[in-house]
Amino acid sequence: MKWFRRKPRITDEIYGRLLTSFGRVVDADPFIAGPAEALAERVESELAAHAEAIDRVMYAGSARYHLKLLAGSWLQAAEGTVPTTTAEVFEEALVWKFEPLARGSSELSHRLSALARGEVRKE
């Protein structure tokens, strides 16, 4: 258990780099893209009101796309191709991006991460 865990400092530049990096990798690898898309769809359907709020503010489909990239980061962390801390930082970055746009939308990021880590039943 980490007692004094500091949250990462997120900026637009850092967020953009995360999106660019994972966008290239996730979309290019069907073994990551398929499961990542399924996780994103699941969370989007469970928390539809939050996803719709994000889509209204950003663009149609933005919530699912960002969630898909987050899911891809967790899948890569599980494979060992990226450090787990990278996926953790991406989770916090998505909270940083979504929460100011639609109150309560941080649940999207946290729910997807919990599913990807296997902390809840996937039914």
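Residues numbered from 1 in each chain as written. Predicted model: local features only at pLDDT ≥ 70, side-chain atom pairs only at ≥ 80, totals over all residues. Heavy atoms only, no water.

Draft legend 1. Spotlight on the packing of helix α1 (residues 12-28) against helix α5 (residues 84-98). Two elements in contact, α1 and α5, have axes separated by 10 Å at closest approach and are oriented at 120°. The orientation of α1 relative to α5 falls into the category oblique. The two elements α1 and α5 meet at a crossing, and its hand is left-handed. Residues Asp12, Tyr15, Leu18, Leu19 and Phe22 of α1 touch α5, and the partners they reach there are Thr86, Val89, Phe90, Ala93, Leu94, Trp96 and Lys97. Among the residues forming the contact of α1 with α5, the class breakdown is nine nonpolar, one polar and two charged. (Axes fitted to C-alpha atoms, helices over the stretch in contact; angles between N-to-C directions. Helix = DSSP H or I, 4+ residues; strand = E, 2+ residues; numbered from the N terminus. Parallel < 35°, antiparallel > 145°, perpendicular 65-115°, else oblique. Left-handed = near helix turned anticlockwise from the far one by under 90°. Contact = heavy atoms within 4.5 Å. Nonpolar A, V, L, I, M, F, W, Y, C, P; charged D, E, K, R; others polar.)

Draft legend 2. Looking closely at the packing of aromatic side chains. Throughout the structure, instances matching the rule amount to two aromatic pairs. Each ring, one from Tyr15 and one from Trp96, has its centre 6.1 Å from the other, and the planes form 45°; the classification is tilted. With Tyr15 in helix α1 and Trp96 in helix α5, this pair connects stretches of sequence that are 81 residues apart. Relative to Phe90, the ring of Phe22 has its centre 5.4 Å away and its plane inclined at 25°; by these criteria the two rings are stacked. A residue pair is termed long-range when its members are at least 10 positions apart, and Phe22 in helix α1 and Phe90 in helix α5 qualify at 68 residues. With respect to class, Phe22 is no different from Phe90; both count as buried. When the ring centre of Trp74 is taken as origin, the NZ or CZ atom of Arg117, which lies over that ring, is 4.9 Å away. (Phe/Tyr/Trp six-rings, centres within 6.5 Å; stacked < 30°, edge-to-face > 60°. Buried < 20%, exposed > 50% of the residue type's maximum accessible area, 1.4 Å probe, protein only. Lys NZ or Arg CZ within 6 Å of the ring centre and 35° of its normal.)

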